[in-house]
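The lines below spell out each chain.
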Amino acid sequence: MDALLIGTGGESGWPQDGCTCASCMRAAATGIHRAPGRVVVDGQLTLTPGAKPRSSDGGSGHRVLDVPGGWDITGPDGSRLLAAAGPGAVPEPPDGTAPFDIALLDLLASPAQLGLLRARGLVTGQTRVAALYTDHRISSAQEMARRCALWASAAGQDGQVIATAGEATSASGPARSSRPHRTLLLGGARSGKSKEAELRLSGEPSVTYVAAGPWADDQWEGTGGEPDAEWADRVAAHRAARPAWWRTEESLDLAGALRRETGALLIDGIGTWLAAVMDQAGAWPDDAANWAPEAATADPQHLVSARIDELIEAWRQTRALVVAVTDEVGSGLVPAYPAGRIFRDQLGWLNQRLAAESDVNMLVVAGRPMILPT
Ligand SMILES: [Zn+2]
């Protein structure tokens, strides 16, 4: 089976006629052109948004099933294709569906649909995945290519032929095993670092999300000592936004998770973990005026150092595809209180040690991830 991508753009293509948004202007300036989405399967069956695929002569031998959000197509030779019904549509084949050889999906509508299809065994290592209906929802073709590489899918381009494995012309993303397996994402508050972390793992079938504190139901209190309802709401909202099939662990045992996991692991985040580890060790200065590191009892510092060493060692040896989020705390003013200065220093050193042992380090600013030198 093969799918000729005649058009890979959204409803109005990309760039969209008359649209002056930055994405369309950028696409036009760099010669990007995607016609409105249209695909021809095996030279016979035409897929256009919103219409049931039809063969030109009505007798191509393809079986077309209507599934929620898309089309499940079986060719005369038994090969299988899943296609989104149109821009924004997310196909949801029912249980018991056989795996697909080709999947043409609107990955901008939901990258996590790919992770779910993989988790359900409907998209496998043999499946050719390509993005369809790409338009000005993404900032640039470059950004689309970057994301598709992370999701082990092809970005798709007009005129491209996606063929089942074994046929001469095929296209797919990079082998999933060849991707960097330790990524450290640094960023300030609300920089978009957590969102980038989730995006990077959207195509994964098995993701463990380790929330390294503070958690909704304990530890953190409001200014009057009462439970911090605003924080609890925030944690709940973040949790609801993550794909439902991800496993969430609330744990400070990051080293254990790194040693145990062989699938994808998202750690959010290193800063909250360090603060909690310092809490547990009693490593914060009790008396801000008199506190100095050398005056503190050796034990709390020793405990924190041991936990950090254990984390670094597990990070070095992990077999998981891991993305860890951490706070970039060094750019502001020098904190007014000793506790703030100690934390900033400790986290800065920890970030340096993790970065030195990472495959990829990125700094996220205003939702823009920048690759740092290795
Ligand atoms: Zn536009």
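In case you missed it, the structure is sitting above this.
Read on for an overview of the structure. Numbering of residues starts from 1 in each chain and follows the order in which that chain's sequence is written. Note on the predicted model: pLDDT of at least 70 is required for a residue's local features to be given, and 80 or more for side-chain atom pairs to be given and counted; whole-chain, interface and lining totals, by contrast, use all residues. The side-chain numbers reported here are obtained from all heavy atoms of the structure, hydrogens and water having been left aside.

1. Quick word on the sheet that holds strand 10 (residues 161–163)
Okay, step 1: Strand order in the open sheet made by the five strands is 4-3-2-1-10, with antiparallel pairing throughout. At either end of the open sheet lies a strand with only one pairing partner, and these are strand 4 (51–55) and strand 10. Ignoring strand direction, the axes of neighbouring strands in this sheet form an average angle of 20°.
Okay, step 2: Across three bridges, the pairing between strand 3 (residues 45–48) and strand 4 is antiparallel. Paired with leucine 45 across the two strands is serine 55, which belongs to strand 4. Pairing between two strands requires that DSSP report at least two bridges joining them. Starting at the N terminus, helices and strands are each numbered in turn, a helix being any DSSP run of H or I of at least four residues and a strand any DSSP run of E of at least two. Between N-to-C directions, angles span 0 to 180 degrees; the directions come from axes that are lines fitted to C-alpha atoms, helices contributing only their stretch in contact.

2. Observations concerning the sheet that holds strand 14 (residues 264–268)
Strand pairing in a sheet takes place through backbone hydrogen bonds and is either antiparallel or parallel in direction.
Okay, step 1: Pairing is mixed across the open sheet formed by seven strands, whose spatial order is 13-12-14-15-11-16-17. Only two strands of the sheet have a single neighbouring strand rather than two, namely strand 13 (247–250) and strand 17 (368–372). Averaged over all adjacent pairs, the angle separating strand axes in this sheet is 20°, with direction ignored.
Okay, step 2: Where strand 11 (residues 182–187) lies against strand 16 (residues 360–365), five bridges are found, and the strand directions are parallel. For glycine 187, the partnering residue across the bridge sits in strand 16 and is valine 364.

3. Regarding the coordination of the zinc ion
Okay, step 1: Donor atoms (N, O, S) are those found within 2.8 Å of the metal centre, with the cutoff raised to 3.2 Å for Na, K and Ca; water is not part of the atom list, so apparent gaps in a site can occur. For the zinc ion, the full set of protein donor atoms is Cys19 (SG), Cys21 (SG), Cys24 (SG) and His136 (ND1), at a range of 2.1 to 2.3 Å.
Okay, step 2: Burial classification: accessible surface area is computed with a 1.4 Å probe over protein chains only, and a residue below 20% of its type maximum counts as buried, one above 50% as exposed, and the rest as partly exposed. A relative accessible area of 22% means that cysteine 19 is categorised as partly exposed.
Okay, step 3: Judged by its relative accessible area of 28%, histidine 136 is partly exposed.

4. Observations regarding helix 1 (residues 22–29)
Okay, step 1: All of the buried residues in helix 1 are Ser23, Cys24 and Ala27. All buried residues of helix 1 project into a common sector of 95° when viewed along the axis, lining one side.
Okay, step 2: Phi turns positive one or two residues past the end of helix 1, at glycine 31, with a value near 75°. Summarising the geometry, the arc corresponds to the directions from the helix axis toward the C-beta atoms.

5. What to know about the packing of helix 7 (residues 270–281) against helix 9 (residues 338–356)
The axes of two packed helices give the description: the angle between them and the distance between them.
Okay, step 1: In the contact formed by helix 7 and helix 9, the axes pass within 10 Å of each other and the chain directions differ by 125°. For the element pair helix 7 / helix 9, the angle class is oblique. The two elements helix 7 and helix 9 cross, and the hand of that crossing is right-handed. When helix 7 is examined against helix 9, the residues Ile270, Gly271, Trp273, Leu274, Ala275 and Met278 are found in contact with a partner set consisting of Ile342, Phe343, Gln346, Leu347, Leu350, Asn351 and Leu354.
Okay, step 2: Residues are grouped as follows: nonpolar covers Ala, Val, Leu, Ile, Met, Phe, Trp, Tyr, Cys and Pro; charged covers Asp, Glu, Lys and Arg; every other residue, Gly included, is treated as polar. Class assignment of the residues belonging to the contact of helix 7 with helix 9 gives a composition of ten nonpolar, three polar and no charged. Working rule for angles: under 35 degrees goes down as roughly parallel, over 145 as roughly antiparallel, 65 to 115 as roughly perpendicular, anything else as oblique. Crossing chirality is assigned from the near helix's rotation relative to the far helix, an anticlockwise turn below a right angle marking it left-handed and a clockwise turn marking it right-handed. It only takes one pair of heavy atoms within 4.5 Å for two residues to be counted as in contact.

6. Some details on the nonpolar core
Okay, step 1: Membership of the largest hydrophobic core comes to 50 residues, with the highest contact counts inside it found for Ile270, Trp273, Leu274 and Leu350.
Okay, step 2: Among the elements that take part in this core, helix 7 stands out by supplying eight residues, more than any other. What is meant by a nonpolar core is a set of buried Ala, Val, Leu, Ile, Met, Phe, Trp, Tyr and Cys residues, joined one to another through side-chain atoms within 4.5 Å.

7. Details of the pattern of salt bridges
Where charged atoms from two side chains of opposite charge come close, those side chains can pair.
Okay, step 1: Think of a salt bridge as a Lys or Arg side-chain nitrogen and an Asp or Glu carboxyl oxygen that are within 4 Å of each other. Following the criterion strictly, the structure yields 17 salt bridges and no others.
Okay, step 2: The closest approach of N and O atoms between arginine 182 and aspartate 359, which form a salt bridge, is 2.9 Å. With arginine 182 in strand 11 and aspartate 359 in the loop between helix 9 and strand 16, this residue pair connects regions lying 177 residues apart in the sequence.
Okay, step 3: Between arginine 260 and glutamate 249 there is a salt bridge, and its shortest N-O distance comes to 3.5 Å. Placement of the pair is arginine 260 in helix 6 (residues 254–260) and glutamate 249 in strand 13, with a sequence separation of eleven residues.

8. Observations regarding the side chain of asparagine 361
Okay, step 1: Residue placement: asparagine 361 occurs in strand 16.
Okay, step 2: Here a polar contact is recorded for every N or O atom pair within 3.5 Å, except that within protein the pair must consist of a potential hydrogen donor and a potential acceptor, and residues adjacent in sequence are included only if both atoms are side-chain atoms. Within the local environment of asparagine 361, its side chain forms a polar contact with the backbone oxygen of alanine 355, the two atoms lying 3.0 Å apart.

9. Structural notes on the pairing of strand 11
Within a regular beta strand, the side chains point alternately toward one face of the sheet and then the other, so they alternate between its two faces.
Okay, step 1: Within strand 11, six of the six residues are buried, which leaves it mostly tucked inside the rest of the structure.
Okay, step 2: Burial along strand 11 is two-sided: Arg182, Leu184 and Leu186 facing one way and Thr183, Leu185 and Gly187 facing the other are all buried.
Okay, step 3: By the bridge criterion, six bridges tie strand 11 to strand 15 (residues 321–327) in an arrangement that is parallel. Across the sheet, leucine 184 pairs through a bridge with alanine 324, a residue of strand 15.

10. Some points on the packing of aromatic side chains
The description of an aromatic ring pair rests on the distance of the ring centres and on the angle between the ring planes.
Okay, step 1: Ring pairs shown here join Phe, Tyr and Trp side chains whose ring centres sit within 6.5 Å, with only the six-membered ring taken for Trp; geometry is labelled stacked below 30 degrees between planes, edge-to-face above 60, and tilted in between. All told, the structure shown has one aromatic pair when counted by the stated rule.
Okay, step 2: Ring centres 5.9 Å apart and planes at 35° place the aromatic pair tryptophan 284 and phenylalanine 343 in the tilted group. Separated by 59 residues along the polypeptide, tryptophan 284 in the loop between helix 7 and helix 8 (298–317) and phenylalanine 343 in helix 9 bring together distant segments of the chain.
Okay, step 3: According to the relative accessible area criterion, tryptophan 284 is partly exposed, its value standing at 24%.

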